Amino acid sequence: MTHRLSLLALAPLLLAGALAHAQAHNDKETQEDIARHRAMAAAHEAAAKCLESGKGEEQCQKDLQAACRNLAIGKYCGMKHVH
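What you see is a predicted model; the values in this text were computed from it and never measured. (Residues numbered from 1 in each chain as written. Predicted model: local features only at pLDDT ≥ 70, side-chain atom pairs only at ≥ 80, totals over all residues. Heavy atoms only, no water.)

Another aspect to go through is the state of the cysteines. In total, this model carries 2 disulfides according to the counting rule given. Through a disulfide, Cys50 is tied to Cys60; the S-S separation comes to 2.0 Å. For the disulfide bridge between Cys50 and Cys60, the dihedral angle about the S-S bond is near -85 degrees, and by the sign convention the bridge is left-handed. Of this pair, Cys50 sits in helix H2 (residues 27–53) while Cys60 sits in helix H3 (residues 57–67), placing them 10 residues apart in sequence. Grouping residues by exposure puts Cys50 and Cys60 together as buried. A sulfur-sulfur separation of 1.8 Å characterises the disulfide bridge that pairs Cys68 with Cys77. Disulfide Cys68-Cys77: the torsion about the S-S bond is -75 degrees, which places it as left-handed. Residue classification places Cys68 among the buried residues on the basis of a relative accessible area of 5%. Taken in N- to C-terminal order, the disulfide-linked cysteines of the protein are connected 1-2, 3-4. (Disulfide = S-S within 2.5 Å. Helix = DSSP H or I, 4+ residues; strand = E, 2+ residues; numbered from the N terminus. Buried < 20%, exposed > 50% of the residue type's maximum accessible area, 1.4 Å probe, protein only.)

Below you can see the structure in the form of structure tokens.
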């Protein structure tokens, strides 16, 4: 009986550990995430330079959306700020 109670007490911890392990990225996925973050950062840097050049918010937003197609979620390339 004590053994069963011990197993029941450990079950939530084992489940939490299994879920954490299942959510962890492998090396390839981690490298892909790094590449996506760098690509998003480059797209945002290009958008900042676009705005600095005076091209206008609308054009720079279109350029950002094009640079981020299939890269990030949403039309703000994974980042939205107040406007």
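So, on to the pattern of salt bridges. Applying the stated criterion across every chain, the model contains 3 salt bridges. Residue Arg36 is joined to Asp33 by a salt bridge in which the shortest nitrogen-to-oxygen separation is 2.4 Å. Note that Arg36 and Asp33 are positioned in helix H2 at a spacing of 3 residues, about one turn of the helix. (Salt bridge = Lys/Arg side-chain N within 4 Å of Asp/Glu carboxyl O.)

Predicted confidence across the protein gives a mean pLDDT of 78, with 67% of residues reaching 70 or more. The secondary-structure element of the protein with the lowest mean pLDDT is helix H1 (residues 2–23), recorded at 52, while H2 shows the highest, at 94. (pLDDT = per-residue confidence, 0-100.)

The next subject is unusual backbone geometry. Of note in this structure, Asn70 is not a glycine but carries a positive phi near 65 degrees. With respect to the element layout, Asn70 can be found in the segment after H3. For Asn70, a relative accessible area of 79% translates into the label exposed.

With 27 residues, H2 ought to run about 39 Å at 1.5 Å a step, and its terminal C-alpha atoms sit 39 Å apart, in line with that. Listing the buried residues of H2 in full gives Met40, Ala43, His44, Ala47 and Cys50. Tucked inside the fold, the buried residues of H2 contact H3. Where H2 begins, the side chain of Asn26 points an oxygen toward the backbone nitrogen of Lys28, at a separation of 3.0 Å. Positive phi shows up at Gly54, right after H2, with a value of about 90 degrees. (Expected span 1.5 Å × (residues − 1). Contact = heavy atoms within 4.5 Å. Polar contact = N/O pair within 3.5 Å; in protein donor to acceptor, adjacent residues only side chain to side chain.)

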